[in-house]
Structure formats: structure tokens, C-alpha cells
Amino acid sequence: MTVQLEDVTVHFGRTCALEGLNLTVAAGETVALLGPSGSGKSTALKAVAGFVRPSRGRIRIAGVDVTDVPPAKRGIGVVVQQYALFPHLRVADNVAFGLRAARRPKAEVTRRVAEMLDMVGMSTYARRFPRELSGGQQQRVAIARALAIRPPVLLLDDPLAALDAQLRADMLDELQKLRREVPDVAIVYVTHDQAEALALADRIAVMRAARLVDIAPSADLYAAPPSAFTASFLGGANLLPVEVSADEVRVAGHPLAGVRAKEGNNLLCIRPHAVRLGSGGLPARLLAAQWRGASSRLTCAIDGLPDVRVHIDVPAGGPLPEVGAQVSMVLPPEACSLVPAGTR
Amino acid sequence: MAVEALNFQVAPSNKGRQSKRSLWLLPPILLLAALVVYPLVLVATESFTGGLATWREVVGSTEFRNALIRTIQISVTSTIGCLIVGTFLAAVISFVPFPGARIVSGVVDAMLSLPSFLVALSFTFLYGTAGVLGSLAGGFLTTPWAVVLAEITFYTPFVMRPLLGAMARIPRVQLDVAASLGGGPWRVLSKIVLPEVKPALVAGGSLTLLLTLNEFGIVLFLGARDTTTLPMLVHTKGIVMFDYPGACVIAVVQILLSITLYAVLRSALGGRRARLD
Ligand SMILES: Nc1ncnc2c1ncn2[C@@H]1O[C@H](COP(=O)(O)OP(=O)(O)OP(=O)(O)O)[C@@H](O)[C@H]1O
Ligand SMILES: [Mg+2]
């Protein structure tokens with residue numbers, strides 16, 4: 001079933017938490033809402049779930065206007081940021097809550113709960129209380145609880161935010177697997193982590209300050225970000241000021257061959273892993289080097305642009321220049337694109 | 001002193017501080033002994049002035065047994081009523097958004113400071129023979145139900161106060177999730193809210209039970225014929241009939257009843273808390 005948001009606006013008192021959001025999520029599609037803290041992602045999700053009432057706009061599920069329908073009647077699965085397991089109910093009873101509310105026969109409840117706990121790998125914990133579980137385990141139970149009622153729409157609010165890096169990677173795997181087990185469910189996945197969005201989403205909606213900035217298929221958004229904000233938020237692109245004259249693009253006075261000029265006030269966008277150190281590039285100075293295991297992150301300043309920090313990811317193993325040394329920075333034209341400067 | 005005698009091993013500075021601390025404890029303990037324990041001891045001795053005969057006579061009387069049963073009946077019924085009304089009101093104030101919620105919860109706090117006979121007095125205006133609803137209520141005030149209703153009216157805030165606090169601590173998002181799973185208001189209240197506020201419910205309920213057990217003002221003011229409770233009997237015997245030993249026997253029973261109930265509730269509550277942590 002499709003979820004449609006039309007011009008959805010939410011106010012909390014005088015603060016506007018969500019401004020005119022238009023978004024459609026098709027059945028079987030995963031859309032990630034990606035944005036920094038306070039950008040209105042959770043608010044958008046709460047509006048779809050029915051936890052907050054939009055001050056303007058309509059929400060439709062499968063074509064039916066549900067804007068005034070209470071949450072209990074929407075049949076949406078929700079996993080909230082804090083999991084919100086019911087503390088006095090055992091894991092199995094948490095998962096069974098929705099089924100019992102729907103007055104399913106006892107045998108079916110038992111079977112479905114077992115099935116869901118099995119799916120998230122929590123069968124052995126059925127008799128535990130939530131407080132006896134780790135964060136990742138609580139997370140799984142919350143997902144099982146939401147999916148037990150076979151919702152056509154699943155909303156996940158930053159489900160991995162509270163987990164440590166290792167667990168996060170594991171859970172990301174599990175979520176991908178889970179995605180394949182519920183092929184027809186429309187999923188809205190809220191996150192502030194671009195890696196999660198890229199790994200899980202068919203399309204990514206980038207949010208900022210209560211507004212939708214860009215929305216596009218993940219690969220497109222990554223390869224050709226439509227705005228400077230999206231470029232830096234999704235993949236941490238370098239944004240360099242450029243001078244455009246006739247059909248030539250120059251950075252700090254150096255022409256870049258092969259980069260097509262564009263109208264307007266633009267920035268040059270290039271990913272840290274695409275920048276290379278080699279001969280014949282822009283003269284720059286290495287300011288810092290950070291070893292990150294598989295790669296090293298170098299921070300440089302191009303001569304003539306002392307205020308702009310350029311990040312470069314180079315594979316580990318090779319020799320690194322000394323910090324403070326003069327380097328030559330190559331910007332391969334196929335990795336460069338121009339994005340409207342706008343507001344950063 | 002005792003502390004010094006026992007703790008001969010502690011460091012001198014520590015010993016000094018400890019004995020100083022026990023000195024601080026002395027005035028309140030003496031005060032407590034003079035004002036509370038001593039009168040109670042007097043009451044207990046007075047009850048034995050006639051030997052065990054007074055006890056046998058009083059405890060054996062139907063008058064006493066009826067009062068004991070009445071007291072417990074009224075107290076238990078009132079407490080159950082307070083729990084039902086209090087839970088309902090607290091849930092509405094906590095979870096149904098309406099503009100005056102804060103004012104209402106302020107009124108609840110104010111109610112806690114009112115004397116109980118005020119409720120009884122207002123009842124005589126409402127339901128008394130000359131009162132507004134007098135003709136309709138038709139002798140309502142002379143039944144024990146009048147006392148029960150008055151006690152529910154007066155003691156419901158005592159249940160609501162801890163409940164409001166406990167309900168405010170339930171994360172809203174938990175209720176949201178429960179609703180999104182298809183839980184209607186009744187199911188969310190009974191399956192999520194009530195289990196989570198159970199300690200507050202037990203605390204408020206046991207406080208109410210203790211207070212209604214010892215309630216005097218309301219019973220006296222409503223003065224119904226059938227509603228002689230233990231405190232009323234103490235009053236009648238001691239003040240009206242000058243039967244001091246008899247009054248003291250009942251008073252001792254009353255005290256024992258309260259203390260036993262308190263001890264039982266304390267151990268039940270303490271056990272629960274220990275299990276939760
Ligand atoms: N109940 C509320 N009352 C008042 N303001 C709120 C409320 N909930 C959210 N806001 C405000 O609305 C804005 C958007 O909040 P929201 O929770 O949607 O952010 P978010 O994108 O989910 O952030 P995060 O990644 O930190 O969870 C914030 O400025 C927040 O302060
Ligand atoms: Mg959020």
C-alpha cells in the first residue's frame with residue numbers, strides 16, 4: 001500500500017517542526033528520511049503514525065485519507081527511537097500485544113509470536129522482561145512487535161541510533177534481510193546516518209530545518225547531489241568555491257580540464273575518496289592526517305583558499321606525506337560536479 | 001554513650017562525629033516518647049485497670065463486634081471506591097488533553113489540605129432533610145452509604161496524588177505505540193498504564209485504607225444510626241458514657257489494627273520494590 005503525504009505541516013506551539021512535506025512511498029519501497037538532529041524526521045513519522053495531528057495537509061494510506069483517523073485504526077507498524085517496549089510485559093507478550101488487541105485466536109497469537117521472534121532471532125528470550133535485554137535485543141523485539149500485526153506500512157525511527165558501531169553493522173545486515181522477508185511493505189526509515197540510508201533505502205529524502213531538501217533514488221542522490229547541503233550531508237563531499245568564466249571552471253586560479261561550466265553561483269563537489277595525491281594537481285598543504293584502519297583521512301588546504309578544508313581519503317598502506325608538507329591534489333573531472341551554492 | 005561503648009575501634013574523629021550525630025537524635029526521640037508513646041502507654045494501662053474482665057466484656061459485646069465489622073466494611077468499600085474514582089480521574093487528567101488539566105490537578109492538591117468534616121457538613125446541606133436534594137435522597141444520610149460516599153469524596157485525592165505523579169512518568173511514546181498496535185483506550189489503560197502505576201496504586205490505596213479505618217469527623221458529622229464505627233464507639237464510651245477503661249480497650253484494638261495493617265502493607269510494598277530493582 002502506498003503512503004502519501006501532501007503538504008503535511010506540523011506545529012508544536014509556535015515552533016514549526018515540519019513544513020509542507022510532500023512524499024509518496026510505494027508498496028515495497030523503502031524511503032529513508034535523512035537529516036541532522038531536529039530536522040523534523042521523527043515529526044514526519046509521528047504524523048504518518050497519527051501520534052501528532054498535522055496543522056495542515058493530508059495523509060493517505062492506500063488512497064484513503066487517514067489524517068483524522070486515530071493511530072489504533074491505521075494499522076501501521078511503528079518502531080520508535082526509544083523502542084518503548086512495555087516494561088512489565090515479557091518479550092513474548094510485548095510481541096503479542098497487537099495481536100491480542102485485534103482479538104486473534106489464541107493459537108494464532110502463539111504461532112505468530114513464535115514466528116516473529118524466530119525471524120528476529122529472539123526465540124530464546126521470549127520469557128525475559130525488556131529490562132533484561134541489551135539495546136540491540138530490545139531493538140529486535142520492537143521490530144518483531146511492530147511486524148506481528150502484518151502492517152502494510154512500517155515506520156522505523158532511527159532504530160540503530162542507540163547501538164554501538166559493531167552492533168549497528170550487524171543490525172544493518174539483519175534489516176536488509178528483513179526487508180526481503182516483507183517484500184510488499186512500504187517502509188519509511190528515519191536516520192541521521194548516511195551509511196544506513198545508502199544501505200537500506202531505494203530513495204533518500206534529505207531533510208533540513210523542518211523541510212524536505214532533496215529526494216531521489218539513493219544512487220542518483222549520491223552521484224549527483226542536487227544541492228550543496230545534500231552533497232555534504234550525504235557522503236561528506238568537499239565543496240570548493242569556483243570561478244566560472246566562459247566555459248572554463250577554475251579553482252584558486254587553476255583551470256580544471258573536463259569539468260563542464262554551469263550557470264549560476266556554484267560550488268565544486270567532490271567526494272573525499274575521489275581526490276588523489278599525484279603530480280600536476282593543485283598545490284596544497286597537508287594540515288592533518290588521521291589513520292582510520294583501511295584508509296587514512298587527510299585534511300588539506302589549497303594554496304590560495306586558506307579557509308577551505310579539503311578532506312581526502314587515501315587507502316592505507318602507501319607512504320603518507322609529512323604533516324605540513326606541500327602536496328599536489330588531483331581532482332579527476334569525472335568525479336567532479338557543480339552544485340548550486342544556495343545555503344550551506 | 002552506647003555508640004562510644006560499642007565502637008571502641010573507630011577513629012577518634014569519626015567517633016566524635018558519631019556521638020555528635022546521636023546527640024542530634026536525642027531531642028526528637030524524647031519528644032516522640034513524651035508526646036506519642038507515653039499517652040499510648042497510658043491508654044494501654046487504663047484498658048487493664050479492671051484486669052482482663054474489662055477486655056473480655058468489651059470484646060465479647062455485640063456492640064463492639066458490630067462496630068468492628070462496620071469499620072472494616074466502610075473502610076474497605078470506601079477504599080475500593082476511591083481507587084476506582086481516583087484512577088479514572090487521574091487517567092483523564094493525565095492523558096486526555098484538555099485546557100484546564102493543570103488547574104484540576106492543583107485543585108486536587110488543595111483538596112488534600114481540607115478538613116474531612118467539611119465534606120460531611122456539605123453533605124448535610126446537599127442530602128439532609130432540609131437540604132437541596134433532601135426530599136429526593138430520602139433519608140440517605142442515615143445509611144452507611146452516606147459515610148462511604150463522603151469518604152470517597154474526601155479521600156479520592158489521596159489516591160490521585162501518587163497516581164498523577166506515576167502517570168506523568170510513563171513515557172507518552174509507550175502509549176502511542178500501544179495505540180498504533182491497535183490498543184483502544186480501555187486496553188491501553190488496563191494493560192499498560194495500570195501495571196506501570198501499580199506501586200502508586202498500592203501506596204495510595206493503603207494510605208486511604210488506614211485513614212478511612214480511623215476516620216472520625218465524617219462519621220460523627222453524618223451521625224447515622226447504623227454507622228457506629230470503632231472511633232465512634234471510643235467517643236461514645238469515653239466522652240458520653242464516661243466508661244474510660246472500655247474506651248481504652250477499643251482504642252488499643254484500633255491502634256493494633258492500624259499498626260498491623262501498616263506492617264503488612266509495608267512488608268508487601270517493600271517486597272515489591274525489592275523485586276522491581
Ligand atoms: N513535542 C514537542 N514539543 C515541542 N517541540 C517539539 C516536539 N517534538 C519535536 N519538537 C521540535 O520539532 C523539531 C523537530 O523535531 P524532530 O523530533 O522531528 O527532530 P528529528 O529530526 O527527529 O531529530 P533527531 O534526529 O534528534 O531525532 C525540533 O526542533 C524539536 O525541538
Ligand atoms: Mg527523531
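Source: prediction; values computed, not measured.

### Focus: the overall build of chain B
Stage number 1. Each helix and strand in chain B was counted, giving 14 helices and zero strands.
Stage number 2. When the helices and strands of chain B are read in sequence order from the N terminus, they spell out α-α-α-α-α-α-α-α-α-α-α-α-α-α.
Stage number 3. Across the 277 residues of chain B, 37% fall into the buried class.
Stage number 4. If you take every contact in chain B between residues at least 6 apart in sequence, the share linking residues at least 24 apart comes to 73%.
Stage number 5. Carbon and sulfur atoms form 72% of the exposed surface of chain B, whose accessible area is close to 15,600 Å².

### A look at the domain arrangement of chain A
All names here are of chain A.
Stage number 1. Per the domain assignment, the segments of chain A are domain 1 (3–228) and domain 2 (231–339).
Stage number 2. Computed from C-alpha atoms alone, the centre-to-centre distance between domain 1 and domain 2 is 37 Å.
Stage number 3. On the side of domain 2, twelve residues touch domain 1, which itself brings twelve residues to the contact.
Stage number 4. Contact with domain 2 buries surface across domain 1, with Tyr-222, Pro-225 and Ala-228 losing the most and accounting together for 56% of the total.
Stage number 5. The tally of links between domain 1 and domain 2 comes to six residue pairs in polar contact (both at pLDDT 80 or more).
Stage number 6. Considering only residue class, the side of domain 1 that touches domain 2 consists of eight nonpolar, four polar and no charged.

### A look at the sheet that holds strand S18 (residues 309–315) of chain A
Residues and elements named next belong to chain A.
Stage number 1. With antiparallel pairing, four strands are arranged side by side in an open sheet as S18-S17-S16-S19. Single-partner strands in this sheet number two, and they are S18 and strand S19 (326–330). Between one strand axis and the next, the sheet turns by 55° as a mean value, whatever way the strands run.
Stage number 2. As defined by bridge partners, strand S16 (residues 276–291) adjoins strand S17 (residues 295–302) across seven bridges and the pair is classed as antiparallel. Looking across to S17, one finds that Gln-290 is bridged to Arg-297.

### So, the interface of chain A and chain B
By a widely used convention, the size of an interface equals the accessible area lost when the partners come together.
Stage number 1. Each partner contributes residues to the interface: chain A has 21 residues there, and chain B has 16 residues.
Stage number 2. At the boundary of chain A with chain B, total buried surface from both sides reaches about 1,700 Å², with 68% on carbon and sulfur atoms.
Stage number 3. The largest contributions to the chain A side of the interface with chain B come from A:Phe51, A:His88 and A:Phe97, which together make up 30% of the buried area.
Stage number 4. Here chain A is connected to chain B by zero salt bridges.
Stage number 5. Applying the counting criterion to the chain A and chain B interface returns four residue pairs in polar contact (both at pLDDT 80 or more).
Stage number 6. When residues of the side of chain A that touches chain B are traced back to their parent elements, those giving at least two are strand S6 (76–79), helix H2 (91–101) and helix H4 (135–147) of chain A.
Stage number 7. Across the side of chain A that touches chain B, the residue classes break down as 14 nonpolar, three polar and four charged.

### Points about the coordination of the magnesium ion (ligand 2)
Residues and elements named next belong to chain A.
Stage number 1. Surrounding the magnesium ion (ligand 2) are the protein donor atoms Ser-42 (OG) and Gln-81 (OE1), which sit 1.9 to 2.6 Å from the metal. With Ser-42 in helix H1 (residues 41–49) and Gln-81 in the loop between S6 and H2, this pair connects stretches of sequence that are 39 residues apart.
Stage number 2. Since its relative accessible area comes to 18%, Ser-42 is described here as buried.
Stage number 3. Taking the relative accessible area as the measure of exposure, Gln-81 reaches 34% and is therefore partly exposed.

### Observations regarding the confidence of the model for chain B
All names here are of chain B.
Stage number 1. Taken over all residues, the pLDDT of chain B has a mean of 81, while the share at 70 or more is 83%.
Stage number 2. Between the elements of chain B, mean pLDDT differs from a low of 41, seen in helix H1 (residues 2–6), to a high of 93, seen in helix H9 (residues 172–180).
Stage number 3. Overall, residues 273–277 carries pLDDT values under 50, and its contacts beyond four positions in sequence, including any with other chains, amount to two contacts.
Stage number 4. For this predicted complex, the interface confidence comes out at an ipTM of 0.83, alongside a pTM of 0.80.

### Observations concerning the site of ligand 1
Residue and element names in this part refer to chain A.
Stage number 1. In the vicinity of ligand 1, the residues found are Phe-12, Thr-15, Ala-17, Pro-36, Ser-37, Gly-38, Ser-39, Gly-40, Lys-41, Ser-42, Thr-43 and Gln-81.
Stage number 2. Contact between ligand 1 and Gly-40: an oxygen atom at 3.0 Å from a main-chain N or O atom of the residue.
Stage number 3. Here an oxygen atom of ligand 1 sits 2.6 Å away from a polar atom, N or O, in the side chain of Ser-42.
Stage number 4. Contact with the protein chains covers 61% of the free accessible surface of ligand 1, which is 630 Å².
Stage number 5. When residues of the shell around ligand 1 are traced back to their parent elements, those giving at least two are strand S2 (15–25) and H1.
Stage number 6. With three residues, the single largest contributor to the shell around ligand 1 is H1.
Stage number 7. Looking at the shell around ligand 1 residue by residue, the class counts come to three nonpolar, eight polar and one charged.

### Re the UniProt feature "domain: ABC transporter" (unreviewed entry) in chain A
Stage number 1. Per the UniProt record, "domain: ABC transporter" (unreviewed entry) is annotated on residues 3–234 of chain A.
Stage number 2. Strand forms 27% of residues 3–234 of chain A and helix 36%; the C-alpha atoms that close the span are 24 Å apart.

What counts as what
Residues numbered from 1 in each chain as written. Chains lettered and ligands numbered in written order. Predicted model: local features only at pLDDT ≥ 70, side-chain atom pairs only at ≥ 80, totals over all residues. Heavy atoms only, no water. Helix = DSSP H or I, 4+ residues; strand = E, 2+ residues; numbered from the N terminus. Buried < 20%, exposed > 50% of the residue type's maximum accessible area, 1.4 Å probe, protein only. Contact = heavy atoms within 4.5 Å. Areas by Shrake-Rupley, 256 points an atom, 1.4 Å probe, with all protein chains shown as cover. Domains from an automatic or database assignment. Buried area = accessible area lost by both parts, 1.4 Å probe. Polar contact = N/O pair within 3.5 Å; in protein donor to acceptor, adjacent residues only side chain to side chain. Nonpolar A, V, L, I, M, F, W, Y, C, P; charged D, E, K, R; others polar. Pairing = 2+ DSSP bridges. Axes fitted to C-alpha atoms, helices over the stretch in contact; angles between N-to-C directions. Salt bridge = Lys/Arg side-chain N within 4 Å of Asp/Glu carboxyl O. Donors = N, O, S within 2.8 Å, 3.2 Å for Na, K, Ca; no water. pLDDT = per-residue confidence, 0-100. Near = heavy atom within 4 Å. UniProt positions renumbered as here; feature names shortened; annotations may be inferred.

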